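Next come the chains, spelled out residue by residue.
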Amino acid sequence: MQLQFVKVLEMNGPEVEDEVQRALDDNPALEAVTPEEPEQESFNESAEEMQLADYRNEDEIPSYRLEANNHSRDDRYYEPVAVERGESLMEYLNSQIAELNLSDTDRKVARYIAGNIDDNGYMSRDLDDIADDLAFQAGIDVDVDEVRRVWNIIRTLDPAGVGAVDLRDCLLLQLRRMAGADAELAREIVEHYFDLFSRMHYDRLESMLGVGEDRFRDAMELIRTLNPKPGALITGGTDDERTRHITPDFNVDADDNGVITVTLLSHLPQLQIEASFADDRAVGAAKGGASEASLFIKQKRDEASTFIKVIAMRQQTLFRVMSAIVKLQREFFLSEDPADLKPMILKDVASITGDDLSVISRATAGKYVATRQGIYPLKFFFNERPKDSLDASSHEIMSALRDIIDKEDKKNPLADSAIADELCKAGYDIARRTVAKYRERLGIPVGRLRKRL
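Within each chain, residues carry numbers counting from 1 in the order of the written sequence. Restriction of local features to residues with pLDDT of at least 70 applies here, the model being predicted, together with a cutoff of 80 or more for giving and counting side-chain atom pairs; totals for whole chains, interfaces and linings are based on all residues. Think of the side-chain values as coming from all heavy atoms in the structure, minus any hydrogens and water.

S.K.: Sorry, what's going on with the packing of helix α2 (residues 13–26) against helix α15 (residues 292–328) here?
M.R.: Packed helix pairs are specified by the crossing angle of their axes together with the interaxial distance, meaning the distance between the axes. One can describe the packing of α2 onto α15 by two numbers: an axis separation of 11 Å at closest approach and a directional angle of 165°. If you check the angle between α2 and α15, you find them roughly antiparallel. Between α2 and α15 lies a crossing of left-handed hand. For the pair α2 and α15, contact is made by G13, V16, E19, V20, A23 and D26 and by K300, F307, I311 and R314, respectively. Classification used: nonpolar for Ala, Val, Leu, Ile, Met, Phe, Trp, Tyr, Cys and Pro, charged for Asp, Glu, Lys and Arg, polar for all others including Gly. Broken down by class, the residue content of the contact of α2 with α15 amounts to 5 nonpolar, 1 polar and 4 charged. To define axes, lines are fitted to C-alpha atoms, for helices over the stretch in contact only, and angles between the resulting N-to-C directions are given on a 0 to 180 degree scale. Numbering of helices and strands starts at the N terminus; helices are DSSP runs of H or I of at least 4 residues and strands are runs of E of at least 2. Roughly parallel here means an angle under 35 degrees, roughly antiparallel means over 145, roughly perpendicular means 65 to 115, and every remaining angle is called oblique. Whether a crossing is left-handed or right-handed is set by the direction in which the near helix is turned from the far one by less than a right angle, anticlockwise for left-handed and clockwise for right-handed. Any two residues whose heavy atoms approach within 4.5 Å at even a single point are treated as in contact.

S.K.: Help me understand the packing of aromatic side chains, please; the structure alone is not making it clear to me.
M.R.: To describe a pair of aromatic rings, one takes the distance between the centres and the angle between the planes. Only centres within 6.5 Å qualify two rings of Phe, Tyr or Trp (six-membered ring in Trp) as a pair; their planes then separate them into stacked at under 30 degrees, edge-to-face at over 60, and tilted for everything else. On inspection of all chains with the given rule, the structure shows 10 aromatic pairs. Centroid distance Y202 to F216: 6.4 Å. Interplanar angle 65°. Geometry classified as edge-to-face. With Y202 in helix α11 (residues 202–209) and F216 in helix α12 (residues 213–224), this pair connects stretches of sequence that are 14 residues apart. Overall, Y202 belongs to the buried group, its relative accessible area being 4%. Ring geometry for F332 versus F333: centroids 5.6 Å apart, planes at 80°, classification edge-to-face. The buried label applies to any residue whose accessible area, calculated with a 1.4 Å probe on protein chains only, is under 20% of its type's maximum; exposed applies above 50%, and partly exposed to all values in between. Taking relative accessible area as the criterion, F333 reaches 2% and is therefore assigned buried.

S.K.: Could you clarify how one ought to interpret the pattern of salt bridges in this entry?
M.R.: Proximity of charged atoms lets side chains of opposite charge pair with each other. We count a salt bridge whenever a side-chain nitrogen from Lys or Arg sits within 4 Å of a carboxyl oxygen from Asp or Glu. According to the stated counting rule, one finds 20 salt bridges in the structure shown. When the shortest N-O distance is used, the salt bridge between K7 and E19 registers 3.7 Å. Placement of the pair is K7 in helix α1 (residues 2–10) and E19 in helix α2, with a sequence separation of 12 residues. Residue K7 is classed as partly exposed on the basis of its relative accessible area, which comes to 44%. The salt bridge involving D169 is made with R155; its shortest N-O contact spans 2.6 Å. Taken together, the positions of D169 in helix α8 (residues 167–175) and R155 in the loop between α7 (144–154) and α8 put the pair 14 residues apart, joining distant regions of the chain. The same class applies to D169 and to R155, which are both buried. Through salt bridges with shared partners, one network takes in K7, E19, R22 and D26.

S.K.: Sorry, what's going on with the side chain of Q329 here?
M.R.: Within the secondary structure, Q329 sits in the loop between α15 and α16 (330–335). The exposure class assigned to Q329 is buried, which follows from its relative accessible area of 0%. Apart from the residues lying within four places of it in its own chain, the contact partners of Q329 are D340, L341, K342, M344, F381 and N383.

S.K.: Is there a simple way to explain the packing of α15 against helix α17 (residues 346–353) in this structure?
M.R.: α17 packs onto α15 with a crossing angle of 115° between their chain directions and a minimal axis gap of 9 Å. Looking at the two axes, α15 sits roughly perpendicular to α17. The hand of the α15/α17 crossing is right-handed. Between α15 and α17, the residues in contact are R320, V321, A324, I325 and L328 and D348, V349, I352 and T353, respectively. Of the residues contributing to the contact of α15 with α17, the split by class is 6 nonpolar, 1 polar and 2 charged.

S.K.: Teacher, can you tell me more about the pairing of strand β3 (residues 250–254) here?
M.R.: Regular strands have side chains that alternate between both faces of the sheet. Going residue by residue along β3, you find F250, V252 and A254 tucked away on one face and N251 and D253 left uncovered on the opposite face. With 5 bridges joining them, β3 and strand β4 (residues 260–264) adopt antiparallel strand pairing. Note that in β4 the partner of N251 across the bridge is T263. Linkage of β3 to β4, two consecutive antiparallel strands, is achieved through a turn of 5 residues, within which G258 is found at a positive phi near 80°. Summarising the sheet, β3 and strand β6 (residues 368–370) pair through 2 bridges and their orientation is parallel. Among the inter-strand pairings, F250 is bridged to a residue of β6, identified as V369. Two strands pair if DSSP finds at least two bridges between them.

S.K.: Honestly, the nonpolar core in this entry has me stumped. Any pointers?
M.R.: Across soluble globular proteins, nonpolar side chains show a tendency to be buried alongside one another. The criterion is simple. A nonpolar core is a set of buried Ala, Val, Leu, Ile, Met, Phe, Trp, Tyr and Cys residues joined through side-chain atoms within 4.5 Å. The biggest cluster of nonpolar side chains holds 47 residues, and the ones touching the most others in it are V252, M322, I325, F333, V349, V369 and F381. Ignoring anything within four residues of it in the chain, the contact list for F381 reads I325, Q329, F332, F333, L341, M344, V369 and Y376. Counting residues in hydrophobic clusters, the runner-up holds 23 residues, among them L185, L209, F216 and A219.

S.K.: Teacher, can you tell me more about unusual backbone geometry here?
M.R.: Trans peptide bonds make up most of the peptide bonds, and negative phi angles are found at most residues other than glycine. The linkage connecting D158 with the following residue, P159, adopts the cis geometry, with an omega of 0°. One non-glycine residue, E336, lies in the positive phi region at around 55°. Looking at where E336 falls in the secondary structure, it is placed in the loop between α16 and α17.

As far as function goes, none of this settles anything; it's purely spatial.
The following block contains the structure:
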């Protein structure tokens, strides 16, 4: 039962629904009945009252002195996405290939190349490998030069930039379709000075080109209008190169009176033992070893009973963990301002629920909560206190850091040490290396790469 519980606790909503359906299909002793209404609990206590309710005295309130970071740098905030099935990039390219005046062999090669272009519009394999694949898998005997010739035809198709091997190649493909002095200078920058351009060494680049400041600025502005992921124009490009569908596991609603309601969003049916398997006479016969059939009945009944208990344990644990998070982060759920997030680690939730840290970790992994303003991963609410003496969460400091960078002089962006000084003036006394860590977590580059003309 414990092994099954750990397995289903890690599952998100759709996954556990599939697991329940699989169990219903495999076990005749298990049946579904009409589901009950979602479990709800309301909170209308003040933060101080909740603290007194959770802890016997102030000495038991977590100090957050344990340095722990449960917030992954890869965690992201996703808005729910509604997607209609549309034309893929490969289908779009094949529709254009069908209109080209190509031989049968060239058309087959072109379609094969199109199938090796990813959703962003870039080649996913090199031409030598494609030539080998065509020979061994498709029975098309062509050399690399013939593949390259057809590939160059593909690179003339829409969207501009498709079929590129890297970013530099992608930008050049788009610039070669443009005319004018600005496009000519932009092509020279990308083709011959891409390293300086990518490192944003604009002063050196302008000096080496020997052009005026206005003309250089116009060329740079033209480059910035180019699409680094041309395939996304067709596929709708997402972070995962696939549309990410988020199914919230919880809903948290706060009214104007400060009452917070937590709902476990579950589409699981209520489970019970099927009537014929619940007959104690059949199980009693099995205990006496009367027949193989009665032993089968007992086995399936026991499996079904265990599965029902495991699903109930999962639901109760998830609701208990989410309720604890709401208690600890009450101010955030009322305002939904990241600055109101308190320092919170797994140990704090465990101190309220009484569950093991591993249970808390599994219960929050891959789970999402819907609020009035959006959908958040549960890992979003976990954040460490940067220093024992600092009464602020990492989210609050990152919000302040972002504000400082947003307001900086873009021609002379601030170094991490200067940002640390500004944060210190705002009451956040943290080290330069901590600034660098938080800046990287926010996906903000170093000052030199933030420089603008």
